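Chain by chain, the residues:
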Amino acid sequence: MKKKQIIILCLVLGVLLAGIIFKTFVRGTDPRTVSGPQLEGDPAFRFDTAQVEKILLEHKGKAPPVELAKVNGRWEVKTLWGARADEGKVLRFLEEVRGLHWELRAADKKFFSDFGIDDPEAYSVQLAGTGDAPLLDLRVGTKQAGRSGFFLRKASEDEVFFTETDIAELLGIFSAFADAAPRPDYWADLTLFDIHIDRALSVVIERLSG
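From a predicted model like this one, the values you see are computed outputs, not experimental measurements.

**Looking at the overall build of the chain**
Looking only at helices and strands, the chain features four helices and nine strands. The order of α-helices and β-strands along the chain, N terminus first, is α-β-β-β-β-α-β-α-β-β-β-β-α. Taken across its 210 residues, the chain has 32% of its residues classed as buried. For the chain, the share of sequence-separated contacts (at least 6 apart) that also reach a separation of at least 24 residues comes to 59%. Counting every atom, the chain has about 13,600 Å² of accessible surface; 56% of that belongs to carbon and sulfur.

**Description of helix 2 (residues 87-98)**
Each full turn of the α-helix corresponds to 3.6 residues, which orients residues three or four apart in the same direction. Taking 1.5 Å of rise per residue, twelve residues should cover 16 Å, and helix 2 covers 16 Å from first to last C-alpha, within 8% of that figure. Within the sequence span of helix 2, burial applies to Val90, Phe93, Leu94 and Val97. In an axial view of helix 2, the angular spread of the buried residues amounts to 95°, which keeps them on one side of the axis. The inward-facing, buried residues of helix 2 contact strand 1 (54-59), strand 2 (66-71), strand 3 (74-77), strand 6 (123-128), strand 7 (134-140) and helix 4 (167-171).

**Examining the side chain of Ser124**
Tracing the backbone shows Ser124 in strand 6. Look at Ser124 and you get buried, because its relative accessible area is 4%. Only 3.3 Å separates the side chain of Ser124 from the side chain of Arg139, close enough to count as a polar contact.

**Re a nonpolar patch on the surface**
Together, Leu192, Phe193, Ile195 and Ile197 make up a nonpolar patch on the protein surface, roughly 520 Å² of accessible area in all. Of note, Leu192 is situated in the segment after helix 4. Of the residues examined, Leu192 reaches a relative accessible area of 70% and is grouped as exposed.

**Regarding the sheet that holds strand 9 (residues 160-163)**
Pairing in this open sheet of nine strands is antiparallel, and the strands run 4-3-2-1-6-7-8-9-5 from one edge to the other. Each edge of the sheet is formed by a strand with only one pairing partner; in this case those strands are strand 4 (83-84) and strand 5 (103-106). Bridging between strand 2 and strand 3 involves four bridges; their strand directions are antiparallel. Across the sheet, residue Ala69 finds its bridge partner in strand 3, namely Glu76. Packed onto the sheet, helix 2 meets strand 1, strand 2, strand 3, strand 6 and strand 7 and runs at close to 80° relative to strand 1.

**Considerations on the packing of aromatic side chains**
Across all of its chains, the model carries eight aromatic pairs by this definition. For the ring pair Phe115 and Phe151, a centre distance of 4.7 Å and an interplane angle of 55° mean the geometry is tilted. Of this pair, Phe115 sits in helix 3 (residues 112-115) while Phe151 sits in strand 8 (residues 150-154), and the two are 36 residues apart along the sequence. Like Phe115, the residue Phe151 is buried in the burial classification. When the centroid spacing of 5.2 Å and the interplanar angle of 75° are considered together, the rings of Phe150 and Phe177 count as edge-to-face. Of this pair, Phe150 sits in strand 8 while Phe177 sits in the segment after helix 4, and the two are 27 residues apart along the sequence. In this structure an aromatic cluster arises from ring pairing among Phe93, Phe174, Tyr186 and Trp187. Positioned above the aromatic ring of Tyr186, the side-chain terminus of Lys89 is 3.8 Å from the ring centre.

Definitions and cut-offs
Residues numbered from 1 in each chain as written. Predicted model: local features only at pLDDT ≥ 70, side-chain atom pairs only at ≥ 80, totals over all residues. Heavy atoms only, no water. Helix = DSSP H or I, 4+ residues; strand = E, 2+ residues; numbered from the N terminus. Buried < 20%, exposed > 50% of the residue type's maximum accessible area, 1.4 Å probe, protein only. Contact = heavy atoms within 4.5 Å. Areas by Shrake-Rupley, 256 points an atom, 1.4 Å probe, with all protein chains shown as cover. Expected span 1.5 Å × (residues − 1). Arc of directions from axis to C-beta. Polar contact = N/O pair within 3.5 Å; in protein donor to acceptor, adjacent residues only side chain to side chain. Patch = residues over 30% accessible without salt bridge, like charges linked within 9 Å, V, L, I, M, F, W, Y side chains within 5 Å. Salt bridge = Lys/Arg side-chain N within 4 Å of Asp/Glu carboxyl O. Pairing = 2+ DSSP bridges. Axes fitted to C-alpha atoms, helices over the stretch in contact; angles between N-to-C directions. Phe/Tyr/Trp six-rings, centres within 6.5 Å; stacked < 30°, edge-to-face > 60°. Lys NZ or Arg CZ within 6 Å of the ring centre and 35° of its normal.

And the structure:
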């Protein structure tokens, strides 16, 4: 290899190394990526899932809110003509939210736009108990950190937190997160018949004629 080619390769490697150092510096000063104090042990939220009577999910300006309500012990999608809700999805959603762990990323309203977490832009997740008593009121930022990183804050507070829990999947969002909205049909129980298998004693199959 000629001396000139070696010099060119060294210059290219130098530029690449400088780029890596610069990128590391930028990530270290970006509040969306800098590592903060991580909450370990107890989850971030404290509420009894059995006390939740209503769930309200909304992305303002994108679609009407989705309301799930417990009626006579059964979850219904109120915004879908009161259709029976998929209880497995509802209970998983509540358990995942209650079990969230996160890292602090910012503590000032001036950073809200960096995360897409202002009230007019963010997703809203509200949980209520008997008599619409508020149990939890969250905002989820529309700007993600990679494919599985999301930012959240309590509606009445300035702290912004990062979590690796897939909030989009929990909300039933499988398209561009910033432009989508929760859909009521995602929460509906698509089972045609509510059959108690353990109570069946016989099966009769008969062809009707005439």
